[in-house]
Amino acid sequence: MVKKNLTADITGITVVLPIHELATDNDTKLFKGAITSVTDQTVKPDEILIVVPTGSDIEKTLKDFDFGEAKDMVRIISNPNGSDFQTQINYGIENGLVF
């Protein structure tokens, strides 16, 4: 009898994806490309943590966004501290990651 490794599908990987804006078609195209890039990896993450500025239109846009096969991996958190790249990354690491 072969024992199955029950944790084989758990990678412990979270991708933090800061989003500053999704105002144009090109922004949306790049965002879709980023999601596709993550889901096309050989080793898939357990979670895609999307960090958005609190109160932004992005929050509304992402509620209706079709994440396709990534939908079960996606978690969106709102950052009240700013929308620049580093602030978004730091907020995601400090408030979104579960160790």
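What you are looking at is a predicted structure, and each value in this text was computed from that prediction instead of being measured.

(A) Up close: the environment of T39. Of note, T39 is situated in helix α1 (residues 25–39). By relative accessible area, which is 6% here, T39 ends up buried. A polar contact is formed between the side chain of T39 and the backbone oxygen of T36, at a distance of 3.1 Å.

(B) Focus on the packing of aromatic side chains. As enumerated under the stated definition, the model contains three aromatic pairs in all. A ring pair is formed by F31 and F65, whose centres lie 5.0 Å apart and whose planes are at 70 degrees; its orientation type is edge-to-face. Within this pair, whereas F31 is found in helix α1, its partner F65 is found in the loop between α2 (57–63) and β3 (74–79), the two being separated by 34 residues in sequence. Among the aromatic residues, ring-to-ring pairing joins F31, F65 and F67 into one connected group.

(C) Local environment of the confidence of the model for the protein. Across the protein, the average pLDDT comes to 87, with 90% of residues at or above 70. Segment residues 1–7 is flagged for pLDDT under 50; beyond a separation of four residues in sequence, or across chains, it makes zero contacts in the model.

(D) Here's a closer look at α1. Between the first and last C-alpha of α1 there are 21 Å, a value that for 15 residues agrees with the 21 Å anticipated at 1.5 Å per step. Residues D27, F31, I35, V38 and T39 constitute the buried set of α1. Along the axis of α1, the buried residues cluster in a sector spanning 110 degrees; they form a single face. Exposed side chains of α1 directed beyond 90 degrees from the buried face belong to D25, K29 and L30. Buried residues along α1 sit against β1 (14–18), β2 (47–53) and α2.

(E) View of the pattern of salt bridges. Applying the stated criterion across every chain yields a total of two salt bridges. In this structure, R75 engages E47 in a salt bridge whose closest nitrogen and oxygen atoms are separated by 2.5 Å. One end of the pair, R75, is in strand β3; the other, E47, is in strand β2, and 28 residues separate them in sequence. Overall, R75 belongs to the partly exposed group, its relative accessible area being 28%. Salt-bridge contacts for K60 lead to D57; the nearest nitrogen and oxygen are separated by 3.4 Å.

(F) Quick peek at the side chain of N79. Inspection of the secondary structure puts N79 in strand β3. With a relative accessible area of 1%, N79 lands in the buried category. One polar contact links N79 to Q88, side chain to side chain, over a distance of 2.6 Å. In this structure N79 touches V51, V52, P53, T54, T87, Q88 and Y91, once residues within four positions along its chain are discounted.

(G) View of the sheet that holds β1. The parallel open sheet is built from three strands, whose spatial order is β1-β2-β3. Both edges of this open sheet fall to β1 and β3, since each of them pairs with a single strand only. Taking the axes of each pair of neighbouring strands and ignoring which way they run, one obtains an average angle of 25 degrees across the sheet. Of the strand pairs in this sheet, β1 and β2 are connected by five bridges, and their pairing is parallel. Looking at the pairing, T14 lines up with E47 of β2.

Cut-off values and rules
Residues numbered from 1 in each chain as written. Predicted model: local features only at pLDDT ≥ 70, side-chain atom pairs only at ≥ 80, totals over all residues. Heavy atoms only, no water. Helix = DSSP H or I, 4+ residues; strand = E, 2+ residues; numbered from the N terminus. Buried < 20%, exposed > 50% of the residue type's maximum accessible area, 1.4 Å probe, protein only. Polar contact = N/O pair within 3.5 Å; in protein donor to acceptor, adjacent residues only side chain to side chain. Phe/Tyr/Trp six-rings, centres within 6.5 Å; stacked < 30°, edge-to-face > 60°. pLDDT = per-residue confidence, 0-100. Contact = heavy atoms within 4.5 Å. Expected span 1.5 Å × (residues − 1). Arc of directions from axis to C-beta. Salt bridge = Lys/Arg side-chain N within 4 Å of Asp/Glu carboxyl O. Pairing = 2+ DSSP bridges. Axes fitted to C-alpha atoms, helices over the stretch in contact; angles between N-to-C directions.

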